[in-house]
Every structure is written in structure tokens, then in C-alpha cells.
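Here are the chains, one letter per residue:
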Amino acid sequence: MNSRESLLLDHIEILFEPQLKLLPIQILRRASRTTQIVANWPGSIENEFAIYAQRNHPEFMEVRLDSEIIFKIE
């Protein structure tokens, strides 16, 4: 088992605020280099894309997933 620290993230919606000008997926990817990240994605996962908000919404984001491991809990 890997001895890296783990971080569980929930309610990450603040990262999508347009005024902050952040790239949430990039932030999570960068953090995951040194820490195991488990994040409750506040949008949807469709095929190989992580989607947040509706297409015409200012916070809309659609990002192709790379090597992320997805667990879908319903």
C-alpha cells in the first residue's frame, strides 16, 4: 500500500466560481501528484468527460478525463 497522505474533498463547488478563474480539474490533478485525492464530483461523468453545470451556464466546464479513477455511487 502506498504511504502517501489521502485527502477527501466534498462540496468543491466554490472552485468553479468564474471570478476565481481557476481550473478545478488541473488543481485536483496537481494535488494528486503528492496526495491521494478522493473528490465528490458535483457534476456528471459522461463517457470520458467530467462535466459541471449546463452548457450555457457561466460555470460550465467539460474536461476529458485522463488517468483518473472514477467510482460511481448511486
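See the structure printed just above.
Because the structure is a prediction, the values reported are computed rather than measured.

So, about the pattern of salt bridges. In this structure the tally under the stated criterion is 3 salt bridges. Ionic pairing is found between E68 and R29, a salt bridge with its closest N-O pair at 2.5 Å. You can see E68 sitting in the segment after β5 (61–64) and its partner R29 sitting in helix α1 (residues 24–31), a full 39 residues away along the chain. The class for R29 is partly exposed, based on a relative accessible area of 24%. Linking E62 and R55 is a salt bridge whose minimum nitrogen-to-oxygen distance equals 3.7 Å.

With antiparallel pairing, the 3 strands of this open sheet are ordered in space as β3-β4-β5. Edge strands, defined here as strands with exactly one partner in the open sheet, are β3 (44–46) and β5. The mean angle between the axes of side-by-side strands here comes to 25°, regardless of whether they run parallel or antiparallel. Sheet topology places strand β4 (residues 49–52) next to β5; 4 bridges connect them, and they run antiparallel. Among the inter-strand pairings, F49 is bridged to a residue of β5, identified as R64.

In this section: the pairing of strand β1 (residues 6–9). Pairing between β1 and strand β2 (residues 36–39): 4 bridges, direction parallel. Its bridge partner being in β2, L9 is matched across the sheet by A39. One crossover worth recording links β1 to the parallel β2 by way of α1, and it is right-handed.

The final tally for this structure, using the stated rule, is 2 aromatic pairs. Pairing F16 with W41 gives two aromatic rings, centres 5.5 Å apart and planes at 80°, and the pair type is edge-to-face. Of the two residues, F16 is situated in the loop between β1 and α1 and W41 in the loop between β2 and β3; the sequence distance between them amounts to 25 residues. The pair F16 / W41 is uniform in exposure class, with both members buried. Feature note: the residues F16, W41 and Y52 constitute an aromatic cluster, connected by ring pairs.

How each quantity is defined
Residues numbered from 1 in each chain as written. Predicted model: local features only at pLDDT ≥ 70, side-chain atom pairs only at ≥ 80, totals over all residues. Heavy atoms only, no water. Salt bridge = Lys/Arg side-chain N within 4 Å of Asp/Glu carboxyl O. Helix = DSSP H or I, 4+ residues; strand = E, 2+ residues; numbered from the N terminus. Buried < 20%, exposed > 50% of the residue type's maximum accessible area, 1.4 Å probe, protein only. Pairing = 2+ DSSP bridges. Axes fitted to C-alpha atoms, helices over the stretch in contact; angles between N-to-C directions. Right-handed = clockwise from strand over helix to strand, strands pointing away. Phe/Tyr/Trp six-rings, centres within 6.5 Å; stacked < 30°, edge-to-face > 60°.

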